[in-house]
Protein chains: 2
Amino acid sequence: MEWITKKNVLIAGLGLMGGSYARALKRLGFHVMALDRDEEAVSYALRERIISEGAAGENDELVRKADAVILALYPGIVPQWVQEHQHLFQPGIMMTDVTGVKRQIVYKVQEILRKDVEFIAAHPMAGRELSGVQHSDDRIFRDANYIIVPTLQNTAKGIEWCGMLGKLLGCGKITVLSPEEHDDMIAFVSQLTHCIAVSLMTCSDNTHLSDYTGDSFRDLTRIARINDGMWSELFMMNREPLLAQMDTFLKELTEFRKMLAEGDVEGMREKMRISTQRRAAFNKPNQ
Amino acid sequence: MEWITKKNVLIAGLGLMGGSYARALKRLGFHVMALDRDEEAVSYALRERIISEGAAGENDELVRKADAVILALYPGIVPQWVQEHQHLFQPGIMMTDVTGVKRQIVYKVQEILRKDVEFIAAHPMAGRELSGVQHSDDRIFRDANYIIVPTLQNTAKGIEWCGMLGKLLGCGKITVLSPEEHDDMIAFVSQLTHCIAVSLMTCSDNTHLSDYTGDSFRDLTRIARINDGMWSELFMMNREPLLAQMDTFLKELTEFRKMLAEGDVEGMREKMRISTQRRAAFNKPNQ
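Overview of the structure. Every value quoted in this text rests on a predicted model; they were computed, and no experiment measured them.

Aligned on chain B, chain A shows an RMSD of 0.0 Å; the corresponding rotation is 180 degrees and the shift along the axis is 0.0 Å. On this basis, the relationship between the two copies can be described by a two-fold rotation axis. Minimal C-alpha separation from the rotation axis in chain A is found for Leu220(A), amounting to 2.3 Å. The share of interface residues of chain A whose copies in chain B are also at the interface is 100%, consistent with both copies meeting through the same surface.

This part is about the sheet that holds strand S1 (residues 8-12) of chain A. All names here are of chain A. Read from one edge to the other, the open sheet built from six strands follows the order S3-S2-S1-S4-S5-S6, with strand pairing classed as parallel. On the outer flanks of this sheet lie strand S3 (53-56) and strand S6 (118-119), each paired with one strand and no other. Across four bridges, S1 lies against strand S4 (residues 68-71) in parallel orientation. Within the sheet, the bridge partner assigned to Ala12 lies in S4 and is Leu71. Relative to strand S5 (residues 94-97), helix H7 (residues 156-169) is tilted by about 55 degrees, and along the sheet it contacts S4, S5 and S6.

Let us look at the pattern of salt bridges. On inspection of all chains with the given rule, the structure shows 36 salt bridges over all chains. For Lys271(A), the salt bridge goes to Glu252(A), with nearest N and O atoms at 2.8 Å. Of this pair, Lys271(A) sits in helix H12 (residues 265-279) while Glu252(A) sits in helix H11 (residues 239-261), and the two are 19 residues apart along the sequence. Lys271(A) sits in the buried class, given a relative accessible area of 13%. Put simply, Asp247(B) and Arg257(A) hold a salt bridge, and the shortest N to O gap is 2.5 Å. Remark: Arg257(A) occurs in helix H11 and Asp247(B) occurs in helix H11 (residues 239-261); the pair is interchain, linking two chains. Looking at Asp247(B), the relative accessible area reads 33%, which means it is partly exposed. Taken together, the shared-partner salt bridges connect Asp228(A), Glu266(B), Arg269(B), Glu270(B) and Arg273(B) into one network.

All right, on to the packing of helix H8 (residues 179-202) of chain B against H11(B) then. Axis angle and axis distance: for two packed helices, these are the angle between their axes and the distance between the axes, and together they describe the pair. All names here are of chain B. Between H8 and H11, the least distance of the axes is 9 Å, while the angle of their chain directions is 60 degrees. Here H8 lies oblique to H11, going by the angle between them. Two packed elements cross with a definite hand, and for H8 against H11 that hand is right-handed. Contact with H8, carried on its side by Asp183, Asp184, Ala187, Phe188, Gln191, Leu192, Cys195 and Ile196, involves Pro241, Leu242, Gln245, Met246 and Phe249 of H11 and no other residues of that element. Of the residues contributing to the contact of H8 with H11, the split by class is nine nonpolar, two polar and two charged.

To continue, consider the side chain of Asp228(A). Secondary-structure assignment places Asp228(A) in helix H10 (residues 228-237). At 2.7 Å, the side chain of Asp228(A) and the side chain of Arg269(B) are in polar contact. Once residues within four sequence positions are removed from consideration, Asp228(A) is found in contact with Arg269(B), Met272(B) and Arg273(B).

All names here are of chain B. Of note, the phi angle at Arg49 is positive, near 55 degrees, even though the residue is not glycine. Counting through the fold element by element, Arg49 comes out in the loop between helix H3 (39-47) and strand S3 (53-56). Since its relative accessible area comes to 66%, Arg49 is described here as exposed. Backbone geometry places Asp143, a non-glycine residue, at a positive phi of 65 degrees. You can see Asp143 is positioned in the loop between strand S7 (121-124) and strand S8 (146-149).

Our next topic: the pairing of strand S1 (residues 8-12) of chain B. All names here are of chain B. Counting buried positions along S1 gives five out of five residues, so the element sits mostly inside the fold. Of the two faces of S1, the one lined by Asn8, Leu10 and Ala12 and the one lined by Val9 and Ile11 are each fully buried. Judged from the five bridges that link them, S1 and strand S2 (residues 31-36) form a sheet pairing that is parallel. Each residue of the ladder has a partner; that of Val9, found in S2, is Val32. With respect to chirality, the unit in which S1 leads through helix H2 (residues 16-27) into the neighbouring parallel S2 is right-handed.

Asp143(B) sits in the partly exposed class, given a relative accessible area of 45%. The residues touching Asp143(B), leaving out its near neighbours within four places in the chain, are Gly170(B), Cys171(B) and Gly172(B).

Moving on to the sheet that holds S1(B). Residue and element names in this part refer to chain B. One open sheet accounts for six strands, arranged S3-S2-S1-S4-S5-S6; its pairing is parallel. The strands lining the two open edges of the sheet, one partner per strand, are S3 and strand S6 (118-119). Relative to strand S5 (residues 94-97), strand S4 (residues 68-71) runs parallel, the two sharing four bridges. When the sheet's bridge partners are listed, Ala68 is paired in S5 with Met94. Contacts from helix H5 (residues 78-85) reach S1, S2, S4 and S5, with the element oriented near 150 degrees to S4.

Let us now look at the packing of aromatic side chains. Within the structure shown, the criterion is met by 10 aromatic pairs over all chains. With 5.5 Å between their ring centres and 55 degrees between their planes, Phe188(A) and Phe217(B) make a pair best called tilted. On the criterion of chain membership, the pair formed by Phe188(A) in helix H8 (residues 179-202) and Phe217(B) in helix H9 (residues 215-221) is interchain, its members lying in two chains. With relative accessibility at 0%, the residue Phe217(B) sits in the buried group. Seen in terms of ring centroids, Trp231(A) and Phe235(A) are 5.9 Å apart; in terms of plane orientation they differ by 65 degrees. Their pairing is edge-to-face. Separated by four residues within a single helix, Trp231(A) and Phe235(A) lie in helix H10, roughly one turn from each other. Trp231(A) sits in the buried class, given a relative accessible area of 13%. The structure contains a cluster of three or more aromatic residues connected by ring pairs, namely Trp231(A), Phe235(A) and Phe256(B). Geometry around Phe30(A) places Lys7(A) over its ring, the cationic atom sitting 5.8 Å from the centre.

The next point concerns the interface of chain A and chain B. The interface is formed by 81 residues belonging to chain A together with 82 residues belonging to chain B. Summing the contributions of chain A and of chain B, the shared interface buries around 8,600 Å²; its carbon and sulfur component is 68%. Summed over the three residues of chain A that lose the most area to chain B, namely Tyr212(A), Arg278(A) and Phe282(A), the buried surface amounts to 9% of that side. Linking chain A with chain B are 10 salt bridges, by the criterion used here. The shortest N-O distance in the salt bridge between Asp205(B) and Arg278(A) comes to 3.5 Å. Connecting chain A to chain B are 30 residue pairs in polar contact (both at pLDDT 80 or more). If you list the elements that add at least two residues to the side of chain A that touches chain B, you get H8, helix H9 (215-221), H10, H11 and H12 of chain A. Of all the elements, H11(A) adds the most residues to the side of chain A that touches chain B, at 15 residues. Within the side of chain A that touches chain B, the residues separate by chemical class into 38 nonpolar, 23 polar and 20 charged.

Cut-off values and rules
Residues numbered from 1 in each chain as written. Chains lettered and ligands numbered in written order. Predicted model: local features only at pLDDT ≥ 70, side-chain atom pairs only at ≥ 80, totals over all residues. Heavy atoms only, no water. Least-squares fit on C-alpha atoms with pLDDT ≥ 70 in both. Contact = heavy atoms within 4.5 Å. Pairing = 2+ DSSP bridges. Helix = DSSP H or I, 4+ residues; strand = E, 2+ residues; numbered from the N terminus. Axes fitted to C-alpha atoms, helices over the stretch in contact; angles between N-to-C directions. Salt bridge = Lys/Arg side-chain N within 4 Å of Asp/Glu carboxyl O. Buried < 20%, exposed > 50% of the residue type's maximum accessible area, 1.4 Å probe, protein only. Parallel < 35°, antiparallel > 145°, perpendicular 65-115°, else oblique. Left-handed = near helix turned anticlockwise from the far one by under 90°. Nonpolar A, V, L, I, M, F, W, Y, C, P; charged D, E, K, R; others polar. Polar contact = N/O pair within 3.5 Å; in protein donor to acceptor, adjacent residues only side chain to side chain. Right-handed = clockwise from strand over helix to strand, strands pointing away. Phe/Tyr/Trp six-rings, centres within 6.5 Å; stacked < 30°, edge-to-face > 60°. Lys NZ or Arg CZ within 6 Å of the ring centre and 35° of its normal. Buried area = accessible area lost by both parts, 1.4 Å probe.

Structural data, given as structure tokens:
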């Protein structure tokens, strides 16, 4: 396992995800280095021993030492970061990312990347509704789904390395999807649900209702606390699949509304029975 | 505290909620009696010592002994149950319910009820996505909101008694709403959210996605496992408020879709900022 002997991991971007990767990998004994524009984030991570070494802004030395690079940046700046730093990379290093959209990232990075370095995309389906390294927590990976997103440019070794990283983080099920499959899936299970949660909170001023709600409303809107900068980028970079999923959902909810308006009780009950049956497949193994 | 000396509590309807009330009250030392049409439910509850006494079908003796009655029936049969059993009630007993809609229940029950008995409606905002006494659990009340729903027919004593019951169950915040306020609120925080969860599951066959989802999708669709008989009754009995809430939400999500389609990033970010700010009010005290 070549990976294990490669000790220096560089994390570019020290937010919630970068910090959570750092905690997990440092605990396993890796020499974890980090770069972030925000001085506060880096000094916090050093003080809390989340990373071994770090620098705010640029630091060529850290990039040169890296045996592996994890891109935990906002989606829009991923290709640019690679462009600006790849002349410092050691030959043969492995790179991955944590980005929530793939089509608009993976092909671009692989196109511009030096041919002696491999970029294999990944998406750990884990997170929190809070952002920043201060809220990072490597327990978010426990039992989480982890998706490897290779293209034809990737090698079997790269895919294996990426899956190993997911296992080391503590993720549960490791699967493989193409960038297109990933983005269609994510438009439905993640992006549409965030749009719904946001719209539930913005459709009327409902804060006075907090004394009356049950857990169902809390669960449904937990993700309505959202990093507006990052999520608007993710939505824009996956616009067509997300629009398609929104249309499918809007049509379905409108149909349910029509059943209610017309008193079609049997129609509503049939929808609920299908829903109940399908939802059973989504519980975690221990639920 | 007159309540404490009134020892015999009759629960009509031994499902998830009836069973959870029974567990909580029996633990506190009350003599808990139950009636249910389902022999299996009653014998399970007796075997598991969830209740002290019970009968499947009718049993006049149990109703006669009751110092307090809790109606934990499907919404549609609440008035009928009262009509058929009130000749057996002792004078001066207290009655309450757990029903998820109020306008169509409370006035009807109070209209037909004997004048020497008080019915004070309540709605504990607690539940589970599973039904039946076998899944009852009195921990669902812990920190839950509990809503007393009085009309002009109710007395101060009745309202006090009802609030005391909520406290005994272990509920957190006890509040008071009119039937109309309750139903408008519930259309938004509970019924609309259930419609959304169901529509997310039925809008396409997505069960193959279970290997890829994160917690946000699981949380949003937890309530998509739904008792179709009960919830279709609840929706039909609160049709107008629910239709109005569905329209408000559909309009808002359509507006968000338009922003995305037009690339209005600042518009989306503003929605997300409002959403984030509002959602903070809904966390439980310890979150």
